Protein chains: 2
Amino acid sequence: MKGKLIVVSGPSGVGKNTLLNRVMELRGNVQYSVSATSRPMRPGEIDGKSYYFVSREQFEDLIRDDALLEYAEYVGNYYGTPIKPILEATQNGVDVVMDVEVVGALKIKKRIPDAVLVFILAPSFTVLKKRLEGRGDVSKELMEQRLERAKWEYSQAEHYDYLIVNDGLDKAAEELMSVMQAEKCKTMERIHLIKEENECFIPQ
Amino acid sequence: MKGKLIVVSGPSGVGKNTLLNRVMELRGNVQYSVSATSRPMRPGEIDGKSYYFVSREQFEDLIRDDALLEYAEYVGNYYGTPIKPILEATQNGVDVVMDVEVVGALKIKKRIPDAVLVFILAPSFTVLKKRLEGRGDVSKELMEQRLERAKWEYSQAEHYDYLIVNDGLDKAAEELMSVMQAEKCKTMERIHLIKEENECFIPQ
């Protein structure tokens, strides 16, 4: 059985990475799709794990080589999804989770219609604002940009398959794992089980 | 939030009741929809719990009073779903699970399109046959009827939303609970969260 592609979006500061890490801790056979980006590395981030950190020039080479499933520019930086590791994992039955911003996620859904799109909501706008303020690494201007962006992102959430409110890590992780599990139970994913079984289905 | 209606079908002997009991043990806020039937009570069954056991005449009164969500005749007996308890439970945010044969399940889906249809498969036809033979309460003729019926039921499984193979109670229960959980995370079920939030979403 092929692995599923689970695309997670949500405003900056909503806790997407923590959530995905938790799901990978609790559930086997899941791989994180590492994005490529031209934005500078933040403290604590690891190249090849958080992102593949590349220069703008290198990123433009990836675009030219058609090596990205999607890419977008956001607040002056490129973000994109390398295709090859995703295809390899899903062919081997491994689920792939990724954290992709809205424009990229919607592009992926167009290209791979059975990708599962999950939008992560903050418990409230006030909580989201506080989380962003808690991150000391942004200027007031960038903060305002992010809040405007979050507003627009929320307006796009209706195009997603599922909405999960991150009002508790364990609850949100459980919901995301349920979505991953349920998607594998869909009739379309398992229809071969009926066809195979029906061939030897000769009441005696 | 309204409760969901989860309609479970599958061939006789596949373990639907055991599965639903397990799910109700493990998950709160779930109610079993007790069907009405005109078939005789089997050893171990309890009136009002396994089924509402009624006479053919009483069943025909229920039909006339439009008190059933659906009903069907199967191997000479009536089976039907009383409407009222389902509406009351879902209005109160309680999920309702039911065990309904295929014809009834497909009728329910037409009448309540957001009902979730789950078909339970045996691990194999051989296992299903053995389970039916293990039940000492059926004649050879009824056994053959059931196997023919099972064959036809499998051919209808493609109209269901999800397929679950009952090749282990815990695994099957986990999958069914994931389906119930994931259905509640669907964007359509939660879209009000975005609308409400967006109203106070004025970046300052």
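Owing to the predicted nature of the structure, the values given are computational and were not obtained by experimental measurement.

Chemist: Quick question: what am I supposed to make of the interface of chain B and chain A here?
Modeler: Interfaces are often sized by the amount of accessible area the parts lose when they come together. Taken together, the contact pairs 41 residues of chain B with 41 residues of chain A. Summed over both sides, the interface between chain B and chain A buries roughly 3,600 Å², with carbon and sulfur atoms accounting for 65% of that surface. Inspection of the chain B/chain A interface yields two salt bridges. We note a salt bridge from Glu175(A) to Arg190(B), for which the minimum N-O separation is 3.0 Å. Those elements giving two or more residues to the side of chain B that touches chain A turn out to be helix H5 (125-134), helix H6 (140-156), strand S9 (162-165), helix H7 (169-185) and helix H8 (187-199) of chain B. Partitioning the side of chain B that touches chain A into residue classes produces 23 nonpolar, seven polar and 11 charged.

Chemist: I'm lost on the packing of aromatic side chains in this one. Help?
Modeler: The full count for this structure, using the stated rule, is 14 aromatic pairs over all chains. Seen in terms of ring centroids, Phe119(B) and Tyr154(B) are 5.8 Å apart; in terms of plane orientation they differ by 90°. Their pairing is edge-to-face. On the criterion of sequence distance, the pair formed by Phe119(B) in strand S8 (residues 116-121) and Tyr154(B) in helix H6 is long-range, its members being 35 residues apart. As far as the burial class goes, Phe119(B) and Tyr154(B) line up, both buried. Relative to Tyr160(B), the ring of Phe119(B) has its centre 5.2 Å away and its plane inclined at 75°; by these criteria the two rings are edge-to-face. Note that Phe119(B) is positioned in strand S8 and Tyr160(B) in the loop between H6 and S9, a separation of 41 residues in sequence. Take Phe119(B): its relative accessible area is 0%, and that puts it in the buried class. The buried category is assigned to Tyr160(B), whose relative accessible area is 3%. Among the aromatic residues, those joined into a ring-pair cluster are Tyr51(A), Phe53(A) and Tyr79(A). Seen from the ring of Tyr71(A), Lys107(A) lies directly overhead, with NZ or CZ sitting 5.6 Å from the centre.

Chemist: Looking at this structure, how should I read the packing of helix H4 (residues 102-111) of chain A against helix H6 (residues 140-156) of chain A?
Modeler: How two helices sit against one another is set out by the angle between their axes and by the gap between those axes. Residue and element names in this part refer to chain A. Between H4 and H6, the shortest axis-to-axis distance is 10 Å and the interhelical angle comes to 25°. One element, H4, and the other, H6, form an angle in the roughly parallel class. Note on element contacts: H6 touches H4 through Arg149, Trp152, Glu153 and Gln156, opposite Val102, Val103 and Leu106.

Chemist: Is there a simple way to explain the sheet that holds strand S8 (residues 116-121) of chain A in this structure?
Modeler: Strand pairs in the sheet, formed through backbone hydrogen bonds, run parallel or antiparallel to each other. Residues and elements named next belong to chain A. Within the open sheet, the five strands sit side by side as S2-S7-S1-S8-S9. Their pairing is parallel. The outermost strands of the open sheet, each flanked by one partner alone, are strand S2 (30-32) and strand S9 (162-165). Each adjacent strand pair in this sheet contributes to an overall mean axis angle of 25°, direction not counted. As defined by bridge partners, S2 adjoins strand S7 (residues 95-99) across three bridges and the pair is classed as parallel. Looking across to S7, one finds that Gln31 is bridged to Val96.

Chemist: For this particular structure, what's the right way to read the relation of the copies chain B and chain A?
Modeler: The relation between the two copies of this chain is a rotation about an axis and a shift parallel to it. Expressed as a screw transformation, the operator carrying chain B onto chain A has a rotation angle of 180° and an axial translation of 0.0 Å, and the superposed copies differ by an RMSD of 0.0 Å. In short, the pair behaves as if placed about a two-fold rotation axis. Residue Ser178(B) of chain B places its C-alpha closer to the rotation axis than any other residue of that unit, at 2.2 Å. Most of the interface of chain B is mirrored in chain A, where 100% of its interface residues again form contacts.

Chemist: Whenever I open this one, unusual backbone geometry confuses me. Can you help?
Modeler: Residues and elements named next belong to chain A. Backbone geometry at Asn29 places phi at a positive 60°, although glycine is not the residue there. Relative to the assigned elements, Asn29 resides in the loop between helix H1 (16-26) and S2. You can call Asn29 exposed: its relative accessible area is 51%.

Chemist: I'm lost on the pairing of strand S1 (residues 5-9) of chain B in this one. Help?
Modeler: Regular strands place their side chains on alternate faces of the sheet. Residues and elements named next belong to chain B. With five of five residues buried, S1 lies mostly within the body of the structure. In S1, alternate side chains face the same way, and those of Leu5, Val7 and Ser9 on one face and Ile6 and Val8 on the other are all buried. Two elements, S1 and strand S7 (residues 95-99), share four bridges in a ladder whose sense is parallel. Considered in S7, the bridge of Val7 is made with Met98. Bridge count between S1 and S8: four bridges; the pairing is parallel. Across the sheet, residue Ser9 finds its bridge partner in S8, namely Phe119.

Chemist: I would appreciate a short explanation of the environment of Gly76(A) in the present structure.
Modeler: By secondary structure assignment, the location of Gly76(A) is in the loop between strand S5 (68-74) and strand S6 (77-82). Residues Gly76(A) and Ile6(A) lie 70 residues apart in sequence; the distance between their C-alpha atoms is 26 Å.

Chemist: I'm lost on the sheet that holds S7(B) in this one. Help?
Modeler: All names here are of chain B. Sheet architecture is open: five strands sit in the order S2-S7-S1-S8-S9, paired in parallel fashion. Of all strands in the sheet, those with a lone pairing partner are strand S2 (30-32) and S9, marking the two edges. For this sheet, the mean inter-axis angle between neighbouring strands, taken without regard to orientation, is 25°. Together, S1, S2, S7 and S8 form the strand contacts of helix H1 (residues 16-26), whose direction differs from that of S7 by roughly 165°.

Rules and cut-offs
- Residues numbered from 1 in each chain as written.
- Chains lettered and ligands numbered in written order.
- Predicted model: local features only at pLDDT ≥ 70, side-chain atom pairs only at ≥ 80, totals over all residues.
- Heavy atoms only, no water.
- Contact = heavy atoms within 4.5 Å.
- Buried area = accessible area lost by both parts, 1.4 Å probe.
- Salt bridge = Lys/Arg side-chain N within 4 Å of Asp/Glu carboxyl O.
- Helix = DSSP H or I, 4+ residues; strand = E, 2+ residues; numbered from the N terminus.
- Nonpolar A, V, L, I, M, F, W, Y, C, P; charged D, E, K, R; others polar.
- Phe/Tyr/Trp six-rings, centres within 6.5 Å; stacked < 30°, edge-to-face > 60°.
- Buried < 20%, exposed > 50% of the residue type's maximum accessible area, 1.4 Å probe, protein only.
- Lys NZ or Arg CZ within 6 Å of the ring centre and 35° of its normal.
- Axes fitted to C-alpha atoms, helices over the stretch in contact; angles between N-to-C directions.
- Parallel < 35°, antiparallel > 145°, perpendicular 65-115°, else oblique.
- Pairing = 2+ DSSP bridges.
- Least-squares fit on C-alpha atoms with pLDDT ≥ 70 in both.

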